[in-house]
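Analysis of the macromolecular model
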Amino acid sequence: MRALARTLVSLTAVAGLAAGSLAGAGAAFAAPDSSVQQVAPAEAAAPLAVVNLGLNTTQAKGVQRWLRAYWGYTDSIDGQLGPNSWKAFQRHLKAHHGYTGPIDGIVGSGTIKALQRFLKNNGWGYTGAIDGIAGPGTKAAFKNFANWCVNNF
C-alpha cells in the first residue's frame, strides 16, 4: 500500500511539474498583451516637413519665389514647401486672409482655411467650402496660383 501511495504521489508531482512547464512555455510564446500601450518611434509622430499640396517641384519653386519677393522667405528655392515656406505663407494669410494661428510652418486646418479664403477671394478657382480640408478643389486652385507664380516670378 505504501508503494502504491508513493507511486501516486510521484506521478502527481511529475504531472504537476509538466503542467507548470507547459503553462510557462505557453506564456512565453503568447501574443503580446493588447492592454499594453504600444509606443511609436518619435520620428513617426513628427509632422511632415514638406507639404506641397499636390504641386510639382516647378510649381512649388514658383510659390517660393513669390514668397521670397513679398513675404520674407529666405530659404532655398528648392521646390519643397517646408516649414519656412509655410511660415512665409502664414504671414501672408495672417495679413490678408483671416489666419489667426501661430506662424509655425505647420499646415493645419487653420492654415488651410485661410488658404481656401485666399484661393476663393482672389480668383484662383476655389469654389468649395472654407472647411480646412485640402481636398481636390483646394489643390486644383493652389495649382492655378502656383502656375501663375511660375509665369510671373
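Parameters at a glance
Residues numbered from 1 in each chain as written. Predicted model: local features only at pLDDT ≥ 70, side-chain atom pairs only at ≥ 80, totals over all residues. Heavy atoms only, no water. Helix = DSSP H or I, 4+ residues; strand = E, 2+ residues; numbered from the N terminus. Buried < 20%, exposed > 50% of the residue type's maximum accessible area, 1.4 Å probe, protein only. Contact = heavy atoms within 4.5 Å. Areas by Shrake-Rupley, 256 points an atom, 1.4 Å probe, with all protein chains shown as cover. Phe/Tyr/Trp six-rings, centres within 6.5 Å; stacked < 30°, edge-to-face > 60°. Axes fitted to C-alpha atoms, helices over the stretch in contact; angles between N-to-C directions. Parallel < 35°, antiparallel > 145°, perpendicular 65-115°, else oblique. Left-handed = near helix turned anticlockwise from the far one by under 90°. Nonpolar A, V, L, I, M, F, W, Y, C, P; charged D, E, K, R; others polar.

Let's talk about the overall build of the protein chain
The number of helices and strands found in the protein chain is six helices and zero strands. Each helix (α) and strand (β) of the protein chain, taken in turn from the N terminus, gives the series α-α-α-α-α-α. For the protein chain, the proportion of its 153 residues judged to be buried stands at 29%. Taking all contacts inside the protein chain whose residues are at least 6 apart in sequence as the whole, residues at least 24 apart take part in 38%. Of the roughly 9,300 Å² that the protein chain leaves accessible, carbon and sulfur atoms contribute 60%.

A look at unusual backbone geometry
The bulk of non-glycine residues show a negative phi, and the bulk of peptide bonds are trans. Residue leucine 53 is not a glycine yet carries a positive backbone phi of 50°. Position of leucine 53 relative to the elements: it lies in the loop between helix 2 (42-45) and helix 3 (57-70).

Some points on the packing of aromatic side chains
Scanning all chains against the criterion turns up 16 aromatic pairs. Between tryptophan 124 and phenylalanine 145 the ring centres are 5.3 Å apart and the planes differ by 70°, which places this aromatic pair in the edge-to-face class. You can see tryptophan 124 sitting in the loop between helix 5 (109-121) and helix 6 (136-152) and its partner phenylalanine 145 sitting in helix 6, a full 21 residues away along the chain. When sorted by exposure, tryptophan 124 lands in the same class as phenylalanine 145, which is buried. Summarising the aromatic geometry, the rings of phenylalanine 145 and tryptophan 148 are spaced 6.3 Å apart at their centres and angled 25° between planes, so their arrangement reads as stacked. Linking phenylalanine 145 with tryptophan 148, this pair stays in helix 6, spanning three residues, or about one helical turn. Judged by relative accessible area, which is 34%, tryptophan 148 ranks as partly exposed. Grouped by ring-pair contacts, the aromatic residues Trp66, Tyr70, Trp86, Phe89, Phe118, Trp124, Phe142, Phe145, Trp148 and Phe153 constitute a single cluster.

Some words on the packing of helix 4 (residues 83-96) against helix 5
One can describe the packing of helix 4 onto helix 5 by two numbers: an axis separation of 10 Å at closest approach and a directional angle of 60°. Classified by the angle their axes make, helix 4 and helix 5 are oblique. The hand of the helix 4/helix 5 crossing is left-handed. Of the residues in helix 5, those in contact with Trp86, Phe89, Gln90, His92 and Leu93 of helix 4 are Thr111, Ala114, Leu115 and Phe118. Taken together, the residues that form the contact of helix 4 with helix 5 break down as six nonpolar, three polar and no charged.

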